[in-house]
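This is what each chain is made of:
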Amino acid sequence: MPRTSTALDRATPEAIALTALRVLDEEGPGALSFRALADRLGVSHATVQRRCVDLAGLLDLCTEHLAAQLPEIPAGTDWAEATERRFGAFYRLLTAHPGLLVLRGGRPWLGRQLLARLVEPALADSVAAGMSAAEAMTVYRRMYLLTLGSAAFVDHRDPGAVTAASRAALAALDPAEFPVLAGGLADVLPPLTDHEVYYGALRQLIEAARPVV
């Protein structure tokens, strides 16, 4: 009979992902390491590394954990509504964990859960609505880039700090050289952390791509 490992039982992929996300959310991306995870999980550094292999593997575990929370849209849902619900949910997951975005950088999000919960159904719905596969992929990529870029632009968990830092930087500008930025703080600062900027842009993309029946 094979022996069971108490350490590996504690350091499941799910437990590692949850713990890694807590470290990222509470302490920032600089605090994430196999040793930090091992301390929180009460296992050895080697046990965590055995599960993840490297940082890329750890980040993939976190991504898959989050992607599993994306909604399954019922068949027959209007294309525009389904698209907004999918990407809106993806945006909310990303803005809730900015540290993960920092560490992933430009690495592609290709885990099975993300492909099954977001990419494949989005493409399938677009093809079913009358787009070619190439058109569907182009529409998907535009919305994906908007979502990823909007989520990574600022730390949406602390809009007050973002606004204060931006205000200080813009207030130091010479109004003669930057008349709009320096002279219109009350107008240019609010959109920095306004989620509706993203949702409005997403709706514009959806409307522009809406298949003609």
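In what follows, the structure referred to is the one given above.
Treat the numbers as computed from the prediction; the structure is a model and nothing was measured.

Calculation criteria
- Residues numbered from 1 in each chain as written.
- Predicted model: local features only at pLDDT ≥ 70, side-chain atom pairs only at ≥ 80, totals over all residues.
- Heavy atoms only, no water.
- Helix = DSSP H or I, 4+ residues; strand = E, 2+ residues; numbered from the N terminus.
- Buried < 20%, exposed > 50% of the residue type's maximum accessible area, 1.4 Å probe, protein only.
- Contact = heavy atoms within 4.5 Å.
- Areas by Shrake-Rupley, 256 points an atom, 1.4 Å probe, with all protein chains shown as cover.
- 1 Å grid on protein atoms, 1.4 Å probe; cavity = no way out; pocket = protein on both sides within 12 Å on 5 of 7 lines; lining within 4 Å.
- Points joined across faces, edges and corners; volume = space filled by probe spheres on them.
- Nonpolar A, V, L, I, M, F, W, Y, C, P; charged D, E, K, R; others polar.
- Salt bridge = Lys/Arg side-chain N within 4 Å of Asp/Glu carboxyl O.
- Phe/Tyr/Trp six-rings, centres within 6.5 Å; stacked < 30°, edge-to-face > 60°.
- Axes fitted to C-alpha atoms, helices over the stretch in contact; angles between N-to-C directions.
- Parallel < 35°, antiparallel > 145°, perpendicular 65-115°, else oblique.
- Left-handed = near helix turned anticlockwise from the far one by under 90°.
- Disulfide = S-S within 2.5 Å.

1. A word on the overall build of the protein
Part 1 of the argument: Looking only at helices and strands, the protein has 13 helices and zero strands in total.
Part 2 of the argument: Its helices and strands taken in sequence order, the protein reads α-α-α-α-α-α-α-α-α-α-α-α-α from the N to the C terminus.
Part 3 of the argument: Expressed along its principal axes, the backbone C-alpha trace of the protein runs to roughly 70 × 50 × 25 Å.
Part 4 of the argument: For the protein, the proportion of its 213 residues judged to be buried stands at 40%.
Part 5 of the argument: Residue pairs in contact within the protein that sit at least 24 positions apart in sequence constitute 68% of those at least 6 positions apart.
Part 6 of the argument: When the accessible surface of the protein is summed, it comes to about 11600 Å², and 58% of that surface belongs to carbon and sulfur atoms.

2. Description of empty space enclosed by the protein
Part 1 of the argument: Scanning all chains against the criterion turns up two cavities of 30 Å³ or more.
Part 2 of the argument: What the largest cavity holds in volume is close to 70 Å³.
Part 3 of the argument: Trp79, Thr83, Arg86, Phe87, Ala122, Leu123, Ser126, Ala136, Val139, Tyr140 and Met143 are the residues that line the largest cavity.
Part 4 of the argument: Listed by contribution, the elements that provide at least two residues to the lining of the largest cavity are helix 6 (79-96), helix 8 (112-128) and helix 9 (133-153).
Part 5 of the argument: Taken together, the residues that form the lining of the largest cavity break down as eight nonpolar, two polar and one charged.
Part 6 of the argument: When its volume is computed, the second largest cavity comes out at roughly 40 Å³.
Part 7 of the argument: Lining the second largest cavity we find Thr63, Leu66, Ala67, Leu70, Phe90, Leu93, Leu94, Trp109 and Leu114.
Part 8 of the argument: For the lining of the second largest cavity, the elements supplying multiple residues, two or more each, are helix 5 (55-67) and helix 6.

3. So, the environment of Ala169
Part 1 of the argument: Mapped onto the elements of the fold, Ala169 is located in helix 10 (residues 159-171).
Part 2 of the argument: The class for Ala169 is partly exposed, based on a relative accessible area of 47%.
Part 3 of the argument: In this structure the C-alpha to C-alpha distance between Ala169 and Arg112, which are 57 residues apart in sequence, comes to 42 Å.

4. What to know about unusual backbone geometry
Part 1 of the argument: One non-glycine residue with positive phi stands out, namely Val53, at about 75°.
Part 2 of the argument: With respect to the helices and strands, Val53 occurs in the loop between helix 4 (45-52) and helix 5.

5. Some remarks on the pattern of salt bridges
Part 1 of the argument: In the structure shown here, the tally under the stated rule is eleven salt bridges.
Part 2 of the argument: The salt bridge involving Arg40 is made with Glu26; its shortest N-O contact spans 3.1 Å. Pair noted here: Arg40 is in helix 3 (residues 34-41) and Glu26 is in helix 2 (residues 13-27), with a separation of 14 residues, a long-range link.
Part 3 of the argument: A salt bridge links Glu196 to Arg203; the shortest N-O distance between them is 2.5 Å.
Part 4 of the argument: By relative accessible area, Glu196 is classed as partly exposed at 39%.

6. Structural notes on the packing of aromatic side chains
Part 1 of the argument: Across all of its chains, the model carries seven aromatic pairs by this definition.
Part 2 of the argument: Pairing Tyr91 with Tyr198 gives two aromatic rings, centres 4.0 Å apart and planes at 10°, and the pair type is stacked. In this pair, Tyr91 is assigned in helix 6 and Tyr198 in helix 13 (residues 195-209), connecting sequence segments 107 residues apart.
Part 3 of the argument: Residue class for Tyr91 comes out buried when judged on its relative accessible area of 2%.

7. Comments concerning the packing of helix 2 against helix 3
Angle between the axes and distance between the axes are the two parameters that describe a pair of packed helices.
Part 1 of the argument: Two elements in contact, helix 2 and helix 3, have axes whose closest approach is 10 Å; the angle formed by their N-to-C orientations is 110°. Taken together, the axes of helix 2 and helix 3 are roughly perpendicular relative to one another. For the crossing formed where helix 2 meets helix 3, the hand is right-handed. Here Ala15, Ile16, Thr19, Ala20, Arg22, Val23, Glu26 and Glu27 of helix 2 come into contact with helix 3, specifically with Leu37, Arg40 and Leu41.

8. Overview of the state of the cysteines
Part 1 of the argument: Inspection of the entire model under this criterion finds zero disulfides.
Part 2 of the argument: Cys62 takes part in no disulfide bond, and the closest cysteine sulfur, belonging to Cys52, lies 8.0 Å away.
Part 3 of the argument: On the basis of relative accessibility, which here comes to 0%, the residue Cys62 falls in the buried class.

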